[in-house]
Amino acid sequence: MINGVKPLERSLRWGMVGGGGTSQIGYIHRSAALRDGTFTLLAGAFDIDAQRGRAFGVSLGVPVERCYADFQTMFQAEAAREDGIEAVSIATPNNTHYAICRAALEAGLHVVCEKPLCFSSQEAEELAALSRRQNKIIGVTYGYAGHQLILQARQMIADGQLGEIRIVNMQFCHGFHAQPVEQDNPSTRWRVDPRFVGPSYVLGDLATHTLFLAETMAPMLKIQRLMCSRQSFVKSRAPLEDNAHVLMEFDNGAIGSLWCSAVNSGSMHGQKIRIVGEKASLEWWDEQPNQLRFEVQGEPVRILERGMGYLDALALQDDRIGGGHAEGLFEAWSNLYRRFAVAMDASDRHDEALLKDFWYPDVNAGVMGVRWVENCVRSADNGASWVAFS
Ligand code: NAI
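Criteria and cut-off values
- Residues numbered from 1 in each chain as written.
- Predicted model: local features only at pLDDT ≥ 70, side-chain atom pairs only at ≥ 80, totals over all residues.
- Heavy atoms only, no water.
- UniProt positions renumbered as here; feature names shortened; annotations may be inferred.
- Helix = DSSP H or I, 4+ residues; strand = E, 2+ residues; numbered from the N terminus.
- Pairing = 2+ DSSP bridges.
- Axes fitted to C-alpha atoms, helices over the stretch in contact; angles between N-to-C directions.
- Contact = heavy atoms within 4.5 Å.
- Near = heavy atom within 4 Å.
- Polar contact = N/O pair within 3.5 Å; in protein donor to acceptor, adjacent residues only side chain to side chain.
- Areas by Shrake-Rupley, 256 points an atom, 1.4 Å probe, with all protein chains shown as cover.
- Nonpolar A, V, L, I, M, F, W, Y, C, P; charged D, E, K, R; others polar.
- Phe/Tyr/Trp six-rings, centres within 6.5 Å; stacked < 30°, edge-to-face > 60°.
- Buried < 20%, exposed > 50% of the residue type's maximum accessible area, 1.4 Å probe, protein only.
- Lys NZ or Arg CZ within 6 Å of the ring centre and 35° of its normal.
- Patch = residues over 30% accessible without salt bridge, like charges linked within 9 Å, V, L, I, M, F, W, Y side chains within 5 Å.
- Salt bridge = Lys/Arg side-chain N within 4 Å of Asp/Glu carboxyl O.

An unreviewed UniProt entry annotates the protein chain as Gfo/Idh/MocA family oxidoreductase originating from Serratia rhizosphaerae.

And the structure:
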């Protein structure tokens, strides 16, 4: 149970790139990082507009001289300070992630980076190698993966409660972009422009989240080949897809499917995962995150509730309030940031024993997301053909 006691004796000196006052995702980064006292926000290059970024940083309580015009200046100036930042979060549009992440690692910083880490698996592998060389971690914010019931599912699958896994059925399908809303909304505009998002829209923006839920729940499944069909229902978005279906074959013979969409009219979020084994199935839906359905063939459905004593210790350790009260996205993110801090500290202390089995969305999760999108695009652009996963 998390009760406010700090997991570390120190608080990591922390900065942000992006996540400015008008951004969609900046606040949840700060809320999650600051929740448990594991990070202290001391610096930032918060905005593409330097003046606006400075004013916003000051309003957050960041000293004005540590509100920088750009990330290059920030990394250089902070490295020269004795009390310079040790970690940075990157919450900028996707086309900037690679350069900022690389510069941060080179400046000796731990990194929390938004997905997708970058646009090509070659770049992703480069970042992974650099993080190893620098002994700095990269955490990736697949937010809902930090929800306790995801780890509950992971443990139940590891314990064999489902038997051999046969089917992984995934979807992340909202309806918010069923019309060309990007015409009036700057946060959506860059998402449908290849100059900012690279080769994909919903595959990278949405599907990688759910793919990582599956990887977390059933880490033993390895994709052997996949096929992807993608569409641009709002024609002006072509060649970027606003809808896609992906079929995957896993090495144990299991089959997976992932439907991702921004044009699922009427749907609020629609991120669901159902894992079907030979004996039983598990199902989780992010719009009702406190419940995990456990369905054993021939028995009544069981709804496992977050925070209850019958859950596994792995799930209960991240509990913040008992069962019955709702926890959700903010708590899941806080759990991730708590884990990022523990991993950063362990990495600084060269505590290999702790890191060996310590779960969090790490650089490998980031690399996998990039590789998966690359394979999906290769398949889709080749007539939705099967491609060996590479
Ligand atoms: P946004 O467009 O709403 O905000 C972007 C922010 O970055 C703005 O404050 C902008 O001024 C700033 N910015 C842009 N370029 C910059 C630069 N070079 N230096 C400093 N600041 C810069 O974008 P949004 O929706 O907040 O997305 C940001 C990132 O977060 C994207 O990579 C997106 O994919 C990801 N995201 C992740 C979510 C998750 O659940 N993990 C959810 C939403 C977004």
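A.B. asks: Mind showing me how you'd approach the UniProt feature "domain: Gfo/Idh/MocA-like oxidoreductase C-terminal" (unreviewed entry) in the protein chain here?
C.D. replies: Under the present numbering, the feature "domain: Gfo/Idh/MocA-like oxidoreductase C-terminal" (unreviewed entry) in UniProt falls on residues 154–388. Helix makes up 32% of residues 154–388 and strand 25%, and the two end C-alpha atoms of the span are 26 Å apart.

A.B. asks: Whenever I open this one, the sheet that holds strand β4 (residues 110–113) confuses me. Can you help?
C.D. replies: Each strand in a sheet pairs with its neighbour through backbone hydrogen bonds, running either in the same direction (parallel) or in the opposite one (antiparallel). Taken together, the 5 strands give an open sheet; going across it, the order is β2-β1-β3-β4-β5, and neighbouring strands pair in parallel fashion. At either end of the open sheet lies a strand with only one pairing partner, and these are β2 (39–45) and β5 (138–140). If you compare each strand with its neighbour and ignore which way they point, the axes differ by 25 degrees on average. Two elements, β4 and β5, share 3 bridges in a ladder whose sense is parallel. Bridging across to β5, Cys 113 finds its partner in Val 140. Strands β1 (12–18), β2 and β3 (87–91) of the sheet are contacted by helix α3 (residues 71–79), whose axis makes an angle of about 130 degrees with β2.

A.B. asks: Any chance you could explain the site of the ligand here in plain terms?
C.D. replies: Around the ligand sit 25 residues, and of these Asp 47, Asn 94, Thr 141, Ser 187 and Trp 190 come closest. Glu 114 places a side-chain nitrogen or oxygen 3.1 Å from a nitrogen atom of the ligand. At 2.9 Å from an oxygen atom of the ligand is found a side-chain nitrogen or oxygen belonging to Arg 191. In the complex, 89% of the free accessible area of the ligand, which totals 850 Å², lies under the protein chains. Listed by contribution, the elements that provide at least two residues to the shell around the ligand are β1 and α9 (202–217). Of the residues contributing to the shell around the ligand, the split by class is 9 nonpolar, 11 polar and 5 charged.

A.B. asks: Help me understand the UniProt feature "domain: Gfo/Idh/MocA-like oxidoreductase N-terminal" (unreviewed entry) in the protein chain in this model?
C.D. replies: Here, the residues flagged by UniProt with the feature "domain: Gfo/Idh/MocA-like oxidoreductase N-terminal" (unreviewed entry) are residues 12–142. Span residues 12–142 is 41% helix and 20% strand, its end C-alpha atoms 21 Å apart.

A.B. asks: Sorry, what's going on with the packing of aromatic side chains here?
C.D. replies: Aromatic rings considered in pairs are described by the distance between their centres and by the relative angle of their planes. Using the criterion set out here, one finds 12 aromatic pairs in the structure. Seen from their ring centres, Phe 46 and Phe 56 are 5.8 Å apart, and the 85 degrees between their planes marks the pair as edge-to-face. Of this pair, Phe 46 sits in the loop between β2 and α2 (50–60) while Phe 56 sits in helix α2, placing them 10 residues apart in sequence. Per residue, the accessibility class of Phe 46 equals that of Phe 56, and both read buried. Ring geometry for Phe 358 against Tyr 360: centres 6.1 Å apart, planes inclined by 45 degrees, an arrangement best described as tilted. Aromatic ring contacts, followed pair by pair, group Trp 14, Phe 39, Tyr 337, Phe 340, Phe 358 and Tyr 360 into a single cluster. Between the NZ or CZ atom of Arg 225 and the centre of the ring of Trp 386, over which it lies, the distance is 4.2 Å. The side chain of Lys 272 reaches across the aromatic face of Trp 285, ending 4.4 Å from its centre.

A.B. asks: What is the right way to read a nonpolar patch on the surface from this model?
C.D. replies: A contiguous nonpolar surface patch, about 290 Å² in accessible area, is contributed by Ile 167, Leu 247, Ile 255 and Trp 386. Looking at the secondary structure, you find Trp 386 in the loop between α13 (363–380) and β14 (387–388).

A.B. asks: What is the right way to read unusual backbone geometry from this model?
C.D. replies: Residues apart from glycine generally show negative phi values, whereas peptide bonds are mostly found in trans. Cis geometry is found at the peptide bond from Lys 115 to Pro 116, where omega equals -15 degrees. In this structure, Pro 116 sits in the loop between β4 and α5 (121–134). For the bond from Ala 238 to Pro 239, the omega torsion is 10 degrees, close enough to zero to count as cis. As for its placement among the helices and strands, Pro 239 is situated in the loop between β7 (223–231) and β8 (243–250). At Asn 135, a position not held by glycine, the phi torsion is positive, near 55 degrees. The phi torsion at His 350 lies on the positive side, around 55 degrees, for a residue other than glycine. If you trace the backbone, His 350 turns up in the loop between α11 (329–348) and α12 (352–356).

A.B. asks: Explain the sheet that holds strand β9 (residues 255–261) here, please?
C.D. replies: Across the sheet, which stays open at both edges, the 9 strands sit in the order β13-β12-β11-β10-β6-β9-β8-β7-β14 with mixed pairing between neighbours. With one partner strand each, in any of the chains shown, β13 (302–305) and β14 form the two edges of the open sheet. Sheet analysis places strand β11 (residues 280–285) next to strand β12 (residues 291–296), joined by 5 bridges and oriented antiparallel. Looking at the pairing, Trp 284 lines up with Leu 292 of β12.

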